[in-house]
Amino acid sequence: MKSFYSSRETIEKKCCSKHWKVRESVAKSIATPAEFLERLSHDHVALVRAKVAKNPTTSSETLEKLAKDEDERVREEVARNTNTPDEILKLLANDSSYYVRLGICYNVGARLETLKELQFDKKKDIGTAATRMMNRKINKE
């Protein structure tokens, strides 16, 4: 039991580190508890927030907040995260960022309805990528 508490204390210290690379390493670890990922989702360094968004253990609630982040790299990682709920992906399908919309097309967790919407994106290569992912999903079924 002591090792659990000491590792928790270590994570706590790393979350508060003045070095963003240390906080980034905590944010990308799948062993980081949800409460620390939530805390790091408010980090002032966008790359730390992006690692939280990319982490497959990040909660839906935290992903929903990060989907509204000002930095497009953060929103792109939310779009690519296979655990992002489809309601969030549907919102991101209308994002102003090309890379966020394209990220959804590479997300194997995206539903067909969301991908269908992206087939008609103003950027042709997003439509092509959405069609490819749709075909991939249909052929798996």
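Refer to the structure presented above.
If you're wondering where the values come from, they're calculated on a predicted model, not measured in any experiment.

Each value, and the rule that gives it
Residues numbered from 1 in each chain as written. Predicted model: local features only at pLDDT ≥ 70, side-chain atom pairs only at ≥ 80, totals over all residues. Heavy atoms only, no water. Core = buried A, V, L, I, M, F, W, Y, C linked by side-chain atoms within 4.5 Å. Buried < 20%, exposed > 50% of the residue type's maximum accessible area, 1.4 Å probe, protein only. Contact = heavy atoms within 4.5 Å. Helix = DSSP H or I, 4+ residues; strand = E, 2+ residues; numbered from the N terminus. Phe/Tyr/Trp six-rings, centres within 6.5 Å; stacked < 30°, edge-to-face > 60°. Polar contact = N/O pair within 3.5 Å; in protein donor to acceptor, adjacent residues only side chain to side chain. Salt bridge = Lys/Arg side-chain N within 4 Å of Asp/Glu carboxyl O. Axes fitted to C-alpha atoms, helices over the stretch in contact; angles between N-to-C directions. Parallel < 35°, antiparallel > 145°, perpendicular 65-115°, else oblique. Nonpolar A, V, L, I, M, F, W, Y, C, P; charged D, E, K, R; others polar.

Peer 1: I tried to follow the nonpolar core on my own but got confused; where do I start?
Peer 2: One finds Leu-40, Val-78, Leu-92, Ile-104 and Leu-118 to be the most contacted residues of the largest nonpolar core, which totals 35 residues. Those residues in contact with Leu-118, other than ones at most four positions away along the chain, are Ala-93, Arg-101, Ile-104, Cys-105, Ile-126, Gly-127 and Ala-130.

Peer 1: Please explain the side chain of Thr-62 as it appears in this structure.
Peer 2: Within the secondary structure layout, Thr-62 lies in helix α5 (residues 60-66). Here Thr-62 is in contact with Leu-37, Glu-38, Ser-41 and Val-52, once residues within four sequence places are set aside.

Peer 1: I tried to follow the packing of aromatic side chains on my own but got confused; where do I start?
Peer 2: Centre distance and the angle of the planes are the two values used to describe a pair of aromatic rings. Per the counting criterion, the structure on display carries one aromatic pair. The interplanar angle of 85° and the centroid separation of 5.0 Å between the aromatic rings of Tyr-98 and Tyr-99 together place this pair among those described as edge-to-face. When its relative accessible area of 45% is taken as the criterion, Tyr-99 is described as partly exposed.

Peer 1: What am I meant to see in helix α6 (residues 72-80) here?
Peer 2: Residues spaced three or four apart along an α-helix point in a common direction, a consequence of the helix completing one turn every 3.6 residues. Those residues of α6 lying buried are Val-74, Arg-75, Glu-76, Glu-77, Val-78 and Ala-79. Its buried side turned inward, α6 meets α4 (46-54), α5, α7 (86-92) and α8 (98-105). Two or three places before Arg-73, at the start of α6, stands the capping residue Asp-71, its side-chain oxygen 2.8 Å from that residue's backbone nitrogen.

Peer 1: Which parts of the structure should I look at to understand the pattern of salt bridges?
Peer 2: Side-chain pairs of opposite charge can arise where the charged atoms are in close proximity. The final tally for this structure, using the stated rule, is eleven salt bridges. The partner of Asp-69 in a salt bridge is Arg-49, with the nearest N and O atoms 2.7 Å apart. Linking Asp-69 in the loop between α5 and α6 with Arg-49 in helix α4, this pair joins segments that are 20 residues apart in sequence. Judged by its relative accessible area of 11%, Asp-69 is buried. Overall, the relative accessible area of 9% leaves Arg-49 in the buried class.

Peer 1: Can you help me understand the environment of Cys-15 in this one?
Peer 2: Looking at where Cys-15 falls in the secondary structure, it is placed in helix α1 (residues 2-15). Not counting residues up to four positions away in its chain, the partners in contact with Cys-15 are Arg-23, Val-26, Phe-36, Arg-39 and Leu-40.

Peer 1: Explanation requested: the side chain of Thr-84 in the structure shown.
Peer 2: Position of Thr-84 relative to the elements: it lies in the loop between α6 and α7. In terms of polar contacts, Thr-84 uses its side chain to reach the backbone carbonyl oxygen of Val-78, at 2.6 Å.

Peer 1: I tried to follow the environment of Ser-97 on my own but got confused; where do I start?
Peer 2: Along the chain, Ser-97 turns up in the loop between α7 and α8. Taking the relative accessible area as the measure of exposure, Ser-97 reaches 4% and is therefore buried. In this structure the C-alpha to C-alpha distance between Ser-97 and Leu-47, which are 50 residues apart in sequence, comes to 17 Å. Look past the residues within four positions of Ser-97 in its chain and what remains in contact with it is Glu-72 and Arg-75. Within the local environment of Ser-97, its side chain forms a polar contact with the backbone nitrogen of Tyr-99, the two atoms lying 3.2 Å apart.

Peer 1: Help me understand the packing of helix α2 (residues 20-28) against α4 in this model?
Peer 2: Packed helices, taken two at a time, are described by their axes: the angle between them and the distance between them. Contact geometry of α2 with α4 gives a least axis separation of 8 Å together with a crossing angle of 10°. Classed by the angle they form, the pair α2 and α4 counts as roughly parallel. Seen from α2, the contacting residues are Trp-20, Arg-23, Glu-24, Ala-27 and Lys-28; seen from α4, they are Leu-47, Val-48, Lys-51 and Val-52. Among the residues making up the contact of α2 with α4, the classes are represented as five nonpolar, no polar and four charged.

Interpretation in functional terms is not warranted from these geometric data alone.
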